[in-house]
Amino acid sequence: MKTIANGLILKGLDLTPTRENICIDDGKIIEISKDVLEGEIIDAEGCIVCPSFINAHTHIGDSIIKDEGDGLSLGQIVKPPNGIKHLALESAEDEEIIKVMQDSMWDMYNSGTSHFIDYREGGVKGVKLLKKASKDIPINPIIFGRDGSFYGENPDLHQVKVAIRKLLKYADGIAPSGFGEIEEEVAELICSECEKAGKISSIHVAENEGVQIESLAKTNKTEVERAIDAGFNQIVHMTNPKCDDINKLANSNTSLTICPRSNGALSVGIVPLFDILSCGIKPLIGSDNIMFNSPNMFRELEFTLKEMKAYSKNYINPKDIIKLATTNACTDDFDSNNMALINKSYIGVGQNAEFFVAKNKSNNPYLSLINRTEINDLIYLSY
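Here the structure is a predicted model, which means the values were calculated and not measured.

Quick notes on the overall build of the protein chain
Looking only at helices and strands, the protein chain has 14 helices and 18 strands in total. The C-alpha atoms of the protein chain give a radius of gyration of 20 Å, which matches the 21 Å a tight globule of 383 residues would have. By the burial criterion, 58% of the 383 residues in the protein chain qualify as buried. Partitioning the intrachain contacts of the protein chain with sequence separation of at least 6 by distance along the chain shows that 72% fall at a separation of at least 24. Accessible area for the protein chain stands at about 15,500 Å²; split by element, carbon and sulfur atoms hold 45% of it. Averaging the positions of the 39 positive and the 55 negative side-chain charges in the protein chain gives two centres separated by 1 Å.

Laid out in structure tokens, this is it:
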């Protein structure tokens, strides 16, 4: 049993600042009050107690080629099967890939992240490699698999179904790259098989303007519309929404993950976060490809707050930015579309003890975390 004492807690789904103590036992929060002081006492005086982060979109395998491909196009870097990252993964030894994935997971763990969602290349083998790599690291990977049979024109749908079912024995969901690489029938098959298995379906959409224009010309629908109509539980990016994409997403059961630093690195645009939040959408946030972004969520949050305020020319509450990486993954919105499988906790009685304690460096706890917290400011990790 331990008690985190004297800290400023960001409590509940709304991250309400409160000065109380947290008593934890066997990995669970059993009491939050001003008076509880049981077991080992961890003094959090002058500190913020914040829910641990979820990095909601990563490609951890491409840790193997960090900072390669600078100046190349999105397609040249990441489009399967011939993007430089795919070619690098194919030529690397398993143990080499495992080692770099472990290094990146430790980077996440040490910077306040307890959960991450990974789009894992390499079929069943790729999923197993990540499971093996994460075995002895105190972090929770949510792994979405994909298979080479998904891609190209006139795919063998029987082969695709077999590949999906094999993947779902090991993975938490299925995540093809995007509509530019798969046929509509494959997308619908992925969604229906994931729904049957009670697992998550996810896809990149509207990452750059070109794919939106192409989608409209080909199908008279945006990529966002196609993802919602196919039944995907989650979409990633929506950097370039068109038509009525934002409102349609707000009225659907599909969730959104944004990746602002990735969009900047690839010169594909700036996601209209102010408009998204104004419509009541509660996105998650991810650092995306580790080949060109560190998985440090403090970096992601600071970049996002400042870029989005500059882009929208509007005030964005820093608390809403912290929620992107914490409690937006804990809300009831996730219960209806399999996203509850993420199983992320907030600071509340009965919840898993998933939080970190960081030195408070300003009068605003949210901005202290976003603007000023460095890894060496984390004095205690509980996850």
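Things to note about the sheet that holds strand β18 (residues 378-382)
The pairing of strands in a sheet happens through backbone hydrogen bonds and is either parallel or antiparallel. Taken together, the 5 strands give an open sheet; going across it, the order is β3-β2-β7-β17-β18, and neighbouring strands pair in mixed fashion. Here the strands that pair on one side only, and so sit at the sheet edges, are β3 (16-19) and β18. Put simply, the sheet's adjacent strands are angled 25° from each other on average, direction ignored. Bridge count for strand β2 (residues 8-11) against strand β7 (residues 47-51) is 2 bridges, and the pairing is parallel.

What to know about unusual backbone geometry
Although it is not a glycine, L15 adopts a positive phi angle of roughly 55°. You can see L15 is positioned in the loop between β2 and β3. For N220, which is not glycine, the phi torsion reads 65° and is therefore positive. Considering the arrangement of structural elements, one finds N220 in the loop between α7 (209-219) and α8 (223-230).

Section: the side chain of S345
Mapped onto the elements, S345 comes out in the loop between α13 (318-324) and β17 (355-359). Within the local environment of S345, its side chain forms a polar contact with the backbone nitrogen of N352, the two atoms lying 3.4 Å apart.

Focus: a negative patch on the surface
Together, D25, D26, E31, D35 and E38 line one region of the surface with negative charge. Given the relative accessible area of 36%, E38 is considered partly exposed.

Remarks on the packing of α7 against α8
For any two helices packed against each other, one specifies the crossing angle of their axes together with the interaxial distance. One can describe the packing of α7 onto α8 by two numbers: an axis separation of 8 Å at closest approach and a directional angle of 65°. Of the residues in α8, those touching α7 at V211, Q212, S215 and T219 are E223, V224 and R226. Counted by class, the contact of α7 with α8 contains 2 nonpolar, 3 polar and 2 charged residues.

Some words on helix α14 (residues 365-372)
Considered for burial, the residues of α14 that qualify are P365, Y366, S368, L369 and I370. Against the buried residues of α14 lie β2, β3, β7, α12 (297-312), α13 and β17.

Brief notes about the nonpolar core
By size, the foremost hydrophobic cluster in this structure holds 85 residues, and its most contacted members are M105, F150, F232, I235 and L369. Beyond its immediate chain neighbours, meaning those up to four positions away, F150 contacts V160, A163, I164, L167, I174, P176, E181, I182, V186 and I190.

Structural notes on the sheet that holds strand β5 (residues 28-33)
On the basis of which strands lie adjacent, the open sheet formed by 4 strands has the order β5-β4-β1-β6 and mixed pairing. Across the chains shown, the open sheet's two edge strands, defined by having one partner strand only, are β5 and β6 (40-43). Taken over all neighbouring pairs, the strand axes of this sheet differ in orientation by 20° on average, direction set aside. Two strands pair when backbone bridges link them, and strand β1 (residues 2-5) and β6 are joined in this way by 4 bridges, in the parallel orientation. By the bridge assignment, T3 is partnered in β6 with I41.

So, the pattern of salt bridges
Enumeration over the complete set of coordinates arrives at 18 salt bridges. A salt bridge links E95 to K132, with the shortest nitrogen-to-oxygen separation between them at 3.5 Å. With E95 in helix α3 (residues 94-110) and K132 in helix α4 (residues 123-134), the pair connects residues that are 37 residues apart, well separated along the chain. Note that R261 is salt-bridged to E300, the shortest N-O span being 2.6 Å. Separated by 39 residues along the polypeptide, R261 in helix α10 (residues 260-265) and E300 in helix α12 bring together distant segments of the chain. Exposure class is identical for R261 and E300. Each is buried.

Concerning the state of the cysteines
As used in these notes, a disulfide is a covalent bond between sulfur atoms, one from each of two cysteines. Taken as a whole and assessed by the stated rule, the structure comprises 0 disulfides. There is no disulfide at C279, and the cysteine sulfur nearest it, in C243, is 15 Å away. Here C330 stays unpaired: no disulfide links it, and the sulfur of C50, its closest cysteine neighbor, is 11 Å away. Of the residues examined, C330 reaches a relative accessible area of 15% and is grouped as buried.

Scoring rules and cut-offs
Residues numbered from 1 in each chain as written. Predicted model: local features only at pLDDT ≥ 70, side-chain atom pairs only at ≥ 80, totals over all residues. Heavy atoms only, no water. Helix = DSSP H or I, 4+ residues; strand = E, 2+ residues; numbered from the N terminus. Rg over C-alpha atoms; globule rule 2.2 N^0.38 Å. Buried < 20%, exposed > 50% of the residue type's maximum accessible area, 1.4 Å probe, protein only. Contact = heavy atoms within 4.5 Å. Areas by Shrake-Rupley, 256 points an atom, 1.4 Å probe, with all protein chains shown as cover. Lys, Arg positive; Asp, Glu negative; His and termini not counted. Charge placed at Lys NZ, Arg CZ, Asp CG, Glu CD. Pairing = 2+ DSSP bridges. Axes fitted to C-alpha atoms, helices over the stretch in contact; angles between N-to-C directions. Polar contact = N/O pair within 3.5 Å; in protein donor to acceptor, adjacent residues only side chain to side chain. Patch = residues over 30% accessible without salt bridge, like charges linked within 9 Å, V, L, I, M, F, W, Y side chains within 5 Å. Salt bridge = Lys/Arg side-chain N within 4 Å of Asp/Glu carboxyl O. Nonpolar A, V, L, I, M, F, W, Y, C, P; charged D, E, K, R; others polar. Core = buried A, V, L, I, M, F, W, Y, C linked by side-chain atoms within 4.5 Å. Disulfide = S-S within 2.5 Å.

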